[in-house]
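# Structural overview
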Amino acid sequence: MSSTIWVKVVGFSAVERHSLNTLFRLSLRQTPSYSLWSYDSPSPPHIALIDMDCHEAEIEMASPTFNPNLKIIGVGDRTDSRAWRSFQRPVDWSALVQELDGLFAAQSRTEGQADFEDTDFNTAPAGVRATLLVGMTSEERLYLRARLALAGLTDVDEAKTAEQASSSVAQRHYDVAVISLELSDADPWSLVQTFQSMLSPPQALIVATDKPSWPVMEKAEQMGCVGLLEIPFNPPQVLSLLQKV
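Residues numbered from 1 in each chain as written. Predicted model: local features only at pLDDT ≥ 70, side-chain atom pairs only at ≥ 80, totals over all residues. Heavy atoms only, no water.

## Description of the packing of helix α5 (residues 138-150) against helix α9 (residues 235-242)
To characterise two packed helices, one gives the angle between the axes of the helices and the distance between these axes. Going by this rule: Here an axis means a line fitted to C-alpha atoms, over the contact stretch when the element is a helix, while the angle between two N-to-C directions is reported on a 0 to 180 degree scale. Helix and strand definitions here come from DSSP, where helices need a minimum of 4 consecutive H or I residues and strands a minimum of 2 consecutive E residues; each element is numbered from the N-terminal end. Reported orientations rely on four angle classes, namely roughly parallel under 35 degrees, roughly antiparallel over 145, roughly perpendicular from 65 to 115, and oblique for the rest. It is the rotation of the near helix from the far one that decides the hand of a crossing: anticlockwise by less than a right angle makes it left-handed, clockwise makes it right-handed. Two residues form a contact once any of their heavy atoms are found within 4.5 Å.
Packing of α5 against α9 leaves a shortest axis separation of 10 Å and a crossing angle of 50°. The pairing of α5 with α9 is recorded here as oblique in orientation. Note that α5 runs across α9; the crossing there is right-handed. Note on element contacts: α9 touches α5 through Pro235, Val238 and Leu242, opposite Tyr143, Leu144, Arg147 and Leu148.

Given below as structure tokens:
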């Protein structure tokens, strides 16, 4: 995955924007680097920097398209409970960058940790969550990728079978997993149980099926899934469920 962190900036004066652009340019020599997000960017924003004192901020955060899972850094006299961090003016830009680095910079391993950890095990940069899609058709996976990206989940792997899924989870940790109940090579509920019994299980397990029923929904709930997706996908249902992860 690219080490570029895309920052959505809302509001701010021309002078403050100039300071931000300078910080972004200087960060290009580092890892991770920060870039100003726009609608033409190759990825959804990883974090939002919002001027809470401007009217544009109210419009942005009230919009139905605003991603509730996106971390927010607020600047100004006004505060918002959704903000992950808040800064007063004049902004201490150095401290702000330190907060970003603390969230996104990959933590280097100590020599002691290296003795006990598998150095081939991949982890996403801090603040970036990884998702695994298991057992769905290419069209279904493509649709979910687009919806996941809108929810800020851009690091997505795919596994056509339970065997491939097992291989994937042996290589890295996943925060979200979506498992098809029409899985061809294994019992999908057993795979759900396998995920749940891991030392570091995904934060959210979702099952998907083209044969939804009340018993299936109840079983998904009993097994600790955050929900069940019906196929063909229902956009409002998908949006509502992804807001929970």
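We are not done yet, so read on.
## Structural notes on the sheet that holds strand β3 (residues 47-51)
This is how it is decided: Two strands pair under a simple rule: DSSP has to find at least two bridges between them.
Strand order in the open sheet formed by five strands is β2-β1-β3-β4-β5, with parallel pairing between adjacent strands. Two strands lie at the open edges of the sheet, namely β2 (33-36) and β5 (85-87), each paired on one side alone. Neighbouring strand axes in the sheet, compared pairwise and without regard to direction, differ in orientation by 25° on average. Two strands pair when backbone bridges link them, and strand β1 (residues 4-10) and β2 are joined in this way by four bridges, in the parallel orientation.

## Side note on the side chain of Ser180
To be explicit about the condition: Polar contacts, as used here, are pairs of N or O atoms within 3.5 Å; protein pairs need one atom able to donate a hydrogen and one able to accept it. Residues neighboring in sequence count only if both atoms are side-chain atoms.
Within the element layout of this structure, Ser180 appears in strand β8 (residues 176-180). Only 3.0 Å separates the side chain of Ser180 from the backbone nitrogen of Glu182, close enough to count as a polar contact. Once residues within four sequence positions are removed from consideration, Ser180 is found in contact with Val134, Gly135, Met136, Pro188 and Ala208.

## Digging into the pattern of salt bridges
Here is the rule: Salt bridges, as used here, are contacts in which a Lys or Arg side-chain nitrogen is within 4 Å of a carboxyl oxygen on Asp or Glu. Only protein chains enter the accessibility calculation, which uses a 1.4 Å probe; a residue whose area is less than 20% of its type maximum is buried, one above 50% is exposed, and one in between is partly exposed.
Scanning all chains against the criterion turns up 12 salt bridges. A salt bridge links Arg85 to Glu99, with the shortest nitrogen-to-oxygen separation between them at 3.2 Å. Residue Arg85 is located in strand β5, and its partner Glu99 is located in helix α3 (residues 93-104); the two are separated by 14 residues in the primary sequence. Overall, the relative accessible area of 28% leaves Glu99 in the partly exposed class. Overlapping salt bridges bring together Glu16, Asp51, Asp53 and Arg89 as one network.

## Thoughts on the sheet that holds strand β7 (residues 155-159)
With parallel pairing, five strands are arranged side by side in an open sheet as β7-β6-β8-β9-β10. In this open sheet, the two strands that pair with only one neighbour each are β7 and β10 (227-230). Within the sheet, the average angular offset between the axes of one strand and its neighbour, ignoring direction, is 20°. The pairing of β8 with strand β9 (residues 204-209) spans five bridges and is parallel. Residue Ile179 lies in a different strand from β9, and its bridge partner there is Val207.

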